[in-house]
Number of protein chains: 2
Amino acid sequence: MRTPLSDRLGIEYAVFGFTPFPAVAAAISRAGGLGVLGAVRYGDAEDLAKDLDWMDAHCGGKPYGVDVVMPAKKVEGVTVEQVEAMIPEGHRDFVRAQLAKYGVPALPEGERGGWRITGWMEEVARSHVDVALEHPVKLLASALGSPPPDVVERAHAAGMLVAALAGSARHAQRHAEAGIDVIVAQGHEAGGHTGEIGTMVLVPEIVAAVHPLPVLAAGGIGTGAQVAAGLALGAQGAWLGSIWLTVTESDLASPVLRRKLLAAGSGDTVRSRALTGKPARQLRTEWTDAWESEESPGTLPMPLQGLLVAEALSRIQTYETPELIGTPVGQIVGQMNEERPVAAVMDELTRGFEQAVARLGRIASAEGEQA
Amino acid sequence: MRTPLSDRLGIEYAVFGFTPFPAVAAAISRAGGLGVLGAVRYGDAEDLAKDLDWMDAHCGGKPYGVDVVMPAKKVEGVTVEQVEAMIPEGHRDFVRAQLAKYGVPALPEGERGGWRITGWMEEVARSHVDVALEHPVKLLASALGSPPPDVVERAHAAGMLVAALAGSARHAQRHAEAGIDVIVAQGHEAGGHTGEIGTMVLVPEIVAAVHPLPVLAAGGIGTGAQVAAGLALGAQGAWLGSIWLTVTESDLASPVLRRKLLAAGSGDTVRSRALTGKPARQLRTEWTDAWESEESPGTLPMPLQGLLVAEALSRIQTYETPELIGTPVGQIVGQMNEERPVAAVMDELTRGFEQAVARLGRIASAEGEQA
């Protein structure tokens, strides 16, 4: 599965795997894809540095990438504490009431929980970029807006390609104008921040809009057949996120959450602003339902919503409150029904791709597919 | 483009074209696909009979299909007038107020307008089936629930295959249990009635759920590359509807509507209950916005909503009120930017399919795609 982009990056398969877990990212790269480590959960850049050091030792010399979150709207010179102060008390009351309703305990004294939202702040994101630039990162991806010009320049100077996610052709064109090298066309089906347009329509639209820039197909991809579909739409590779959540190497802290993911159907996700303030697809839970209910005060704009719910989500994850625990995940969750090692997933992706392409070849031939 | 299903139907290309216009359906069949005429707009079965007679004379001996709408919930022995009487006066007031706001004139005395919702009633749908059974129809499709057992039996006895649309794997399984032969997996991107699951995720889910029944991929398909993507997902053909709305042969009465369709982007549709009472994707207009606004009384369940708005939609279409005129259409509307004859669309679909398959073959080979 070779495209000009996969050749340029020196990877065997045009499969890009986004994951918050270094062990998963390294396994994807070792298996011939490009593991892309999500940096957003690192509140402290030193922790990211340690994990990238670990990646350097465990990728078997294969390329990898890092994904940072650079908010499109810059909030200059404002501290996390100052932003926190902008959150209305009524919203805090609502969060407290939800936690009380389900009896979610407070975190142990001094513990801040695993899930930090501070990675959404530009200041923190810039510290992630600084760390990435000190490592042999091949692809620097941005899950929100285009990174600022100086970040793109520094990445290019370090020999990295820069990728950015887009949910519309206009969004993709802005990335192209900002000097981005690779556009990730992320359809409605995807986990995390996602727009209204389905992958089937979005990918060819973006391919046409940013030609000749390479495009990755994202959203609803978890099998080799779906990789083939994404490439049929003109993409030079597939970008997969959700599928890695339930792999053996995944460091998903909560067994309850893992079981929920393995049991969920494709209809069990919801596109909600409850997590970050922008619409993001995630597992539907009583927590997301509460934000849609009549008692809900409504969600706050990014980054306020993320800061508002950060501690609550840490508590829910720490104590694994079954009704409330969730995660960003795409509609592909319906096909995530068993725990497999990364190598087995990559094997299915590449073999399934080849099988789909072989079947298409038979359909295109004069003899057609045999019954 | 040959699959076991296209061979069974005796068509050259596994392309299924749904259209309300006989001239378009006949042109699709003549071009090697299967034209499927939508019957729902025929209030009077005799008009459908006349148009099928015309099809018989203009398909060049090629196979064609008919699509009827059989509501899942049967309303036994109730007349259109009795159902009309169930519509609250407040809803009628809201419709009248919207028409007044935009100065939409009343229809001329005695005229009922082109768009009839009565096709949604089972009684009327059954009269469509009776007419279809008297013609050499190869595929009888149902755009809503499974047709009743006696309809499936009669269609099979007449040598027809029966197809039904599904927006979820569970829905598809119910069709399979009802003896349906072909499942149309219709993703979120599609025009008309559509569910939450994107085509990329829905098609393989349904293929697995109803194996070995053949599945058609629908939703977001308007080019040969998208046909290839749909078939890569395991489908035995592609089902296209929106793309035919703006062909030269299309009998779209309103030039205003045609211009709106040609100008619309993929983000200019909305999934709304305003048309029929069930979520159906359509062009977003000030009419659909009004039903979402604070003044809206909310939509009524099917078939009440359709009856409520039937006359209003006829008036809007007759007088081409620019702000209000719309139509069911999928996100593919963003790629419908020029008027072309059906033969040119079919040519792109088949050549584009072959090009996409050839490119996938190069990507799958050891040499890869060349830059």
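Residues numbered from 1 in each chain as written. Chains lettered and ligands numbered in written order. Predicted model: local features only at pLDDT ≥ 70, side-chain atom pairs only at ≥ 80, totals over all residues. Heavy atoms only, no water.

- If you look chain A up in an unreviewed UniProt entry, it shows as NAD(P)H-dependent flavin oxidoreductase YrpB, nitropropane dioxygenase family from Streptacidiphilus jiangxiensis.

Side note on the overall build of chain A
Here is step 1 of the chain: Helix and strand counts for chain A come out as 14 helices and eleven strands.
Here is step 2 of the chain: Since a compact globule built from 371 residues should have a radius of gyration of about 21 Å, the 20 Å found for chain A is in line with a globular shape.
Here is step 3 of the chain: Oriented by its inertia axes, the alpha-carbon framework of chain A measures out at about 65 × 50 × 40 Å.
Here is step 4 of the chain: Residues counted as buried form 59% of the 371 residues belonging to chain A.
Here is step 5 of the chain: In chain A, once contacts between residues fewer than 6 apart in sequence are set aside, the share between residues at least 24 apart is 67%.
Here is step 6 of the chain: A total accessible area of about 14100 Å² is found for chain A, and carbon and sulfur atoms account for 51% of it.
Here is step 7 of the chain: If you average the places of the 31 positive and of the 45 negative side-chain charges in chain A, the two averages end up 2 Å apart. (Helix = DSSP H or I, 4+ residues; strand = E, 2+ residues; numbered from the N terminus. Rg over C-alpha atoms; globule rule 2.2 N^0.38 Å. Buried < 20%, exposed > 50% of the residue type's maximum accessible area, 1.4 Å probe, protein only. Contact = heavy atoms within 4.5 Å. Areas by Shrake-Rupley, 256 points an atom, 1.4 Å probe, with all protein chains shown as cover. Lys, Arg positive; Asp, Glu negative; His and termini not counted. Charge placed at Lys NZ, Arg CZ, Asp CG, Glu CD.)

Some thoughts on helix α5 (residues 89-101) of chain A
Given 3.6 residues per turn, any residue in an α-helix points the same way as the ones three and four places further on.
Residues and elements named next belong to chain A.
Here is step 1 of the chain: The terminal C-alpha atoms of α5 lie 18 Å apart, and with 13 residues this matches the ideal 18 Å at 1.5 Å per residue to within 8%.
Here is step 2 of the chain: Taken as a whole, α5 has its buried residues at His-91, Phe-94, Val-95, Gln-98 and Leu-99. Buried residues along α5 cover an arc of 130° about the axis, so they all sit on one side. Within α5, the exposed residues directed more than 90 degrees away from the buried face are Ala-100 and Lys-101.
Here is step 3 of the chain: Note on α5: the residue one or two positions beyond its end, Gly-103, has a positive phi of about 60°. (Expected span 1.5 Å × (residues − 1). Arc of directions from axis to C-beta.)

Things to note about the nonpolar core
Here is step 1 of the chain: Counting 212 residues, the largest nonpolar core has Trp-244 of chain A together with Trp-244 of chain B as the members making the most contacts within it.
Here is step 2 of the chain: When near neighbours in sequence (up to four residues on either side) are disregarded, Trp-244 of chain B contacts Val-15, Gly-17, Phe-18, Thr-19, Val-24, Ile-28, Ser-250, Val-342, Val-345, Met-346 and Leu-349 of chain B. (Core = buried A, V, L, I, M, F, W, Y, C linked by side-chain atoms within 4.5 Å.)

Examining the pattern of salt bridges
Residue and element names in this part refer to chain A.
Here is step 1 of the chain: In the structure shown here, the tally under the stated rule is 22 salt bridges over all chains.
Here is step 2 of the chain: Among the ionic pairs, Arg-96 bridges to Asp-93, the shortest N-O distance being 2.9 Å. Here Asp-93 and Arg-96 lie together in helix α5, a separation of three residues that amounts to about one turn.
Here is step 3 of the chain: A residue is classified by how much of its surface remains accessible, and Asp-93, at 42% relative accessible area, is partly exposed. (Salt bridge = Lys/Arg side-chain N within 4 Å of Asp/Glu carboxyl O.)

Overview of the relation of the copies chain B and chain A
Between the two copies of this chain, the relationship is a rotation about some axis together with a displacement along it.
Here is step 1 of the chain: Each copy of the sequence occupies a distinct position, and chain B is placed on chain A by a rotation of 180° and an axial shift of 0.0 Å, giving an RMSD of 0.0 Å. The relationship between the two copies is best expressed as a two-fold rotation axis. Among all residues of chain B, the minimum C-alpha distance to the rotation axis is found for Ala-229 of chain B, at 2.0 Å.
Here is step 2 of the chain: Here 100% of the interface residues in chain B have copies in chain A that are interface residues too; the copies meet face to matching face. (Least-squares fit on C-alpha atoms with pLDDT ≥ 70 in both.)

Quick look at the domain arrangement of chain A
All names here are of chain A.
Here is step 1 of the chain: Here chain A is described as being made up of domain 1 (1-75 + 121-250 + 347-361) and domain 2 (77-112 + 253-326).
Here is step 2 of the chain: Here domain 1 and domain 2 share an interface that buries about 1400 Å² over both sides, 60% of which is from carbon and sulfur atoms.
Here is step 3 of the chain: For Glu-196, the salt bridge is made with Arg-271, and the minimal N-O distance between the two is 3.5 Å.
Here is step 4 of the chain: Linking domain 1 with domain 2 are twelve residue pairs in polar contact (both at pLDDT 80 or more), by the criterion used here.
Here is step 5 of the chain: Residue composition of the side of domain 1 that touches domain 2, by class: six nonpolar, nine polar and three charged. (Domains from an automatic or database assignment. Buried area = accessible area lost by both parts, 1.4 Å probe. Polar contact = N/O pair within 3.5 Å; in protein donor to acceptor, adjacent residues only side chain to side chain. Nonpolar A, V, L, I, M, F, W, Y, C, P; charged D, E, K, R; others polar.)

A few points about the interface of chain B and chain A
Here is step 1 of the chain: Every contact between the two is made by 48 residues of chain B and, on the other side, 48 residues of chain A.
Here is step 2 of the chain: Summed over both partners, the interface of chain B with chain A comes to about 3600 Å²; 61% of that surface belongs to carbon and sulfur atoms.
Here is step 3 of the chain: The largest per-residue losses of area from chain B upon contact with chain A belong to Arg-2, Met-200 and Leu-360 of chain B, which jointly make up 18% of the total buried on that side.
Here is step 4 of the chain: For the interface between chain B and chain A, the tally reads zero salt bridges.
Here is step 5 of the chain: Broken down by element, the residue count for the side of chain B that touches chain A peaks at eight residues, all from helix α14 (residues 342-364) of chain B.
Here is step 6 of the chain: In the side of chain B that touches chain A, the residues fall into 23 nonpolar, 18 polar and seven charged.

A short note on the packing of helix α2 (residues 22-30) of chain A against helix α3 (residues 45-58) of chain A
Residues and elements named next belong to chain A.
Here is step 1 of the chain: Where α2 meets α3, the closest approach of the two axes is 10 Å, and the angle between their N-to-C directions is 30°. Put simply, α2 runs roughly parallel to α3. Pair α2 / α3 crosses with right-handed handedness. Side by side, α2 and α3 meet where Pro-22, Ala-23, Ala-25, Ala-26 and Arg-30 of the first sit next to Asp-51, Trp-54, Met-55 and His-58 of the second. (Axes fitted to C-alpha atoms, helices over the stretch in contact; angles between N-to-C directions. Parallel < 35°, antiparallel > 145°, perpendicular 65-115°, else oblique. Left-handed = near helix turned anticlockwise from the far one by under 90°.)

Overview of the packing of aromatic side chains
Here a ring pair, both rings aromatic, is described through the centre-centre distance and the interplanar angle of the planes.
Here is step 1 of the chain: Following the criterion strictly, the structure yields six aromatic pairs over all chains and no others.
Here is step 2 of the chain: A ring pair is formed by Phe-18 of chain B and Trp-239 of chain B, whose centres lie 6.1 Å apart and whose planes are at 25°; its orientation type is stacked. With Phe-18 of chain B in strand β1 (residues 15-19) and Trp-239 of chain B in strand β9 (residues 237-240), the pair connects residues that are 221 residues apart, well separated along the chain.
Here is step 3 of the chain: Phe-18 of chain B sits in the partly exposed class, given a relative accessible area of 25%.
Here is step 4 of the chain: Between Trp-287 of chain B and Trp-291 of chain B the ring centres are 6.0 Å apart and the planes differ by 75°, which places this aromatic pair in the edge-to-face class. Note that Trp-287 of chain B and Trp-291 of chain B are positioned in helix α12 (residues 286-292) at a spacing of four residues, about one turn of the helix. For the pair Trp-287 of chain B and Trp-291 of chain B, one class covers both residues: buried.
Here is step 5 of the chain: Grouped by ring-pair contacts, the aromatic residues Phe-94, Trp-287 and Trp-291 of chain A constitute a single cluster.
Here is step 6 of the chain: Over the ring of Tyr-42 of chain A we find Arg-41 of chain A; its NZ or CZ atom is 4.8 Å from the centre of that ring. (Phe/Tyr/Trp six-rings, centres within 6.5 Å; stacked < 30°, edge-to-face > 60°. Lys NZ or Arg CZ within 6 Å of the ring centre and 35° of its normal.)

Quick word on the packing of α3 of chain A against helix α6 (residues 122-133) of chain A
Residue and element names in this part refer to chain A.
Here is step 1 of the chain: Running from amino to carboxyl end, α3 crosses α6 at an angle of 25°, the nearest separation of the two axes being 9 Å. The angle between the axes of α3 and α6 places the two elements in the roughly parallel class. Judged by the twist between their axes, the crossing of α3 over α6 is right-handed. Each of Ala-45, Leu-48, Ala-49 and Leu-52 in α3 lies in contact with α6, whose residues at this interface are Ser-127, His-128, Val-131 and Ala-132.
Here is step 2 of the chain: Classifying every residue of the contact of α3 with α6 by side-chain character gives six nonpolar, two polar and no charged.

Focus: unusual backbone geometry
Residue and element names in this part refer to chain A.
Here is step 1 of the chain: Here the amide bond leading from His-211 into Pro-212 is cis, since omega sits at 5°, within 30 degrees of zero.
Here is step 2 of the chain: Tracing the backbone through its elements, the reader meets Pro-212 in the loop between α9 (199-210) and β8 (215-218).
Here is step 3 of the chain: Following Met-302, the chain continues to Pro-303 via a peptide bond in cis, the omega torsion being 0°.
Here is step 4 of the chain: Relative to the elements of secondary structure, Pro-303 occurs in the loop between α12 (286-292) and α13 (304-318).
Here is step 5 of the chain: Unlike most non-glycine residues, Glu-320 shows phi in positive territory, near 50°.
Here is step 6 of the chain: Topologically, Glu-320 is positioned in the loop between α13 and α14 (342-364).
Here is step 7 of the chain: On the basis of relative accessibility, which here comes to 21%, the residue Glu-320 falls in the partly exposed class.

What about the sheet that holds strand β7 (residues 192-193) of chain B?
Residues and elements named next belong to chain B.
Here is step 1 of the chain: Strand order in this open sheet of three strands is β7-β11-β10, and the pairing throughout is antiparallel. The sheet is open, and its two borders are formed by β7 and β10 (269-272), each paired with just one other strand.
Here is step 2 of the chain: Note that β7 and strand β11 (residues 280-283) share two bridges and pair antiparallel. Looking across to β11, one finds that Gly-192 is bridged to Arg-281. (Pairing = 2+ DSSP bridges.)

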